[in-house]
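Each chain, written out:
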Amino acid sequence: MKKKFPRFSLFILTAVVILCFACELFLTKDPAYMDLAHCNEAPGKEFLFGTDAMGRDIFSMIWYGGRISLAIGFFATLISTALAVLVGSAGNCMPVWADGILMRMTELFLSVPGLLLTVFLQAVFGRANVYSLSVVIGLTGWMSMAKVVRAEVLQLRNTDYVLAAKCLGGGFFHVLFRHLAPNFFPSVLFMAVMNVRNAIVAESTLSFMGLGLPVEEVSWGSMLSLSENALLSRSWWIILIPGAFLVGTLFCLTNLGDYMRGNANRRHSNLGCEKND
């Protein structure tokens, strides 16, 4: 059964992204300013979403921190997608034995728990910042997509137009971007969307564990890292509001990714029917 396009999820996600990246236009308070006279203040007229334990305005922190979390998600996904496409497509110009070794190494990395690998790499990089987290999360999120790309390339590399391009002297990147990528792009698009979601979750998890961005670097993850103190002080808004924005964004990304996966599955089913005919 064909799934309906998640218009509402796309609308909410688009609104969140626009408001986060254009937050300077409507924010009236500095998200990093510590107003110690209004610590743990409940939501009200002056502070719409209340304040945290350091007196920072949560309304401003939500939009500014969302920009950081989304930026980490997008940058990490760009890195992981680029690695996945290169590794998955490498078998098109490599001997069978070399392609097999490359895939066994990919499966070896895939067998290591992602969080453990992320923590290890972040420890190598040292103090966390937006760029280091993006690189670390990107380097640990490409393996599953690489296997999907490889499966697509194995089906495409013996087609007439790919063989013709090779015979005419087309190099690896020419064949990849002109002939292979346009065909497997729909299949990996939903995985790229899900990687954005996974990167945001990874950043939030690391910050919650105290291994991500420092508290003074505002993101949804660093805001949630204050949850223990918020529970002790019964300041529910410090947890509930950032958590609601994070969960809502992840839910929208999941809906979009699920719809794209359904489209990719139908495309493969239609191709299979055409071959059988």
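Residues numbered from 1 in each chain as written. Predicted model: local features only at pLDDT ≥ 70, side-chain atom pairs only at ≥ 80, totals over all residues. Heavy atoms only, no water.

Describing the overall build of the protein chain
- The helix and strand inventory of the protein chain stands at 11 helices and zero strands.
- Counted from the first residue to the last, the protein chain has its helices and strands arranged as α-α-α-α-α-α-α-α-α-α-α.
- Projected onto the principal axes, the alpha-carbon positions of the protein chain cover approximately 75 × 45 × 30 Å.
- Taken over 277 residues, the protein chain has a buried fraction of 44%.
- Intrachain contacts of the protein chain at a sequence separation of at least 6 include 69% that bridge at least 24 residues.
- Element-wise, carbon and sulfur atoms account for 68% of the exposed surface of the protein chain, whose accessible area totals about 14,800 Å².
- Each charge class in the protein chain can be summarised by its mean position, and for the 21 positive and 18 negative side chains these summaries are 11 Å apart. (Helix = DSSP H or I, 4+ residues; strand = E, 2+ residues; numbered from the N terminus. Buried < 20%, exposed > 50% of the residue type's maximum accessible area, 1.4 Å probe, protein only. Contact = heavy atoms within 4.5 Å. Areas by Shrake-Rupley, 256 points an atom, 1.4 Å probe, with all protein chains shown as cover. Lys, Arg positive; Asp, Glu negative; His and termini not counted. Charge placed at Lys NZ, Arg CZ, Asp CG, Glu CD.)

Examining the confidence of the model for the protein chain
- In this model, the protein chain carries an average pLDDT of 81, and 93% of its residues clear a pLDDT of 70 or more.
- Within the protein chain, helix H10 (residues 227-232) has the poorest average pLDDT of any element, 71, and helix H1 (residues 7-21) the best, 90.
- Low pLDDT (under 50) marks residues 271-277, which in the prediction has zero contacts with non-local residues, meaning those over four places away or in another chain. (pLDDT = per-residue confidence, 0-100.)

Section: the pattern of salt bridges
- Summed over all chains, the structure comprises five salt bridges.
- Linking Glu24 and Arg67 is a salt bridge whose minimum nitrogen-to-oxygen distance equals 2.7 Å. One end of the pair, Glu24, is in the loop between H1 and helix H2 (58-89); the other, Arg67, is in helix H2, with 43 residues separating them in the sequence.
- Note that Arg104 is salt-bridged to Glu107, the shortest N-O span being 3.0 Å. Pair noted here: Arg104 and Glu107 are both in helix H3 (residues 96-111), with a separation of three residues, about one helical turn.
- Counted as one network, the salt bridges with shared partners bring together Arg104, Glu107 and Lys147. (Salt bridge = Lys/Arg side-chain N within 4 Å of Asp/Glu carboxyl O.)

Concerning the state of the cysteines
- Counted under the stated rule, the structure contains zero disulfides.
- No disulfide involves Cys20; its nearest neighbouring cysteine sulfur is the one of Cys23, lying 7.1 Å away. (Disulfide = S-S within 2.5 Å.)

Quick look at the side chain of Asp52
- Secondary-structure assignment places Asp52 in the loop between H1 and H2.
- Engagement of the side chain of Asp52 in a polar contact is seen with the backbone nitrogen of Met54, the distance being 3.0 Å.
- Residues contacting Asp52, with those up to four places away along its chain left out, are Cys39, Asn40, Ile58, Met61, Leu226 and Ile238. (Polar contact = N/O pair within 3.5 Å; in protein donor to acceptor, adjacent residues only side chain to side chain.)

Some details on the packing of aromatic side chains
- Taken as a whole and judged by the stated rule, the model has 10 aromatic pairs.
- Both rings, one in Phe26 and one in Trp63, keep their centres 6.1 Å apart while their planes meet at 80°; by these two values the pair is edge-to-face. Highlighted residues: Phe26 in the loop between H1 and H2 and Trp63 in helix H2, separated in sequence by 37 residues.
- An angle of 45° between the planes, with centres 6.5 Å apart, marks the rings of Trp220 and Phe245 as tilted. On the criterion of sequence distance, the pair formed by Trp220 in helix H9 (residues 220-224) and Phe245 in helix H11 (residues 236-276) is long-range, its members being 25 residues apart. Comparing Trp220 with Phe245, the two get one shared label, buried.
- A network of ring pairs unites the aromatic residues Phe26, Phe49, Phe59, Trp63, Trp220 and Phe245 as a single cluster. (Phe/Tyr/Trp six-rings, centres within 6.5 Å; stacked < 30°, edge-to-face > 60°.)

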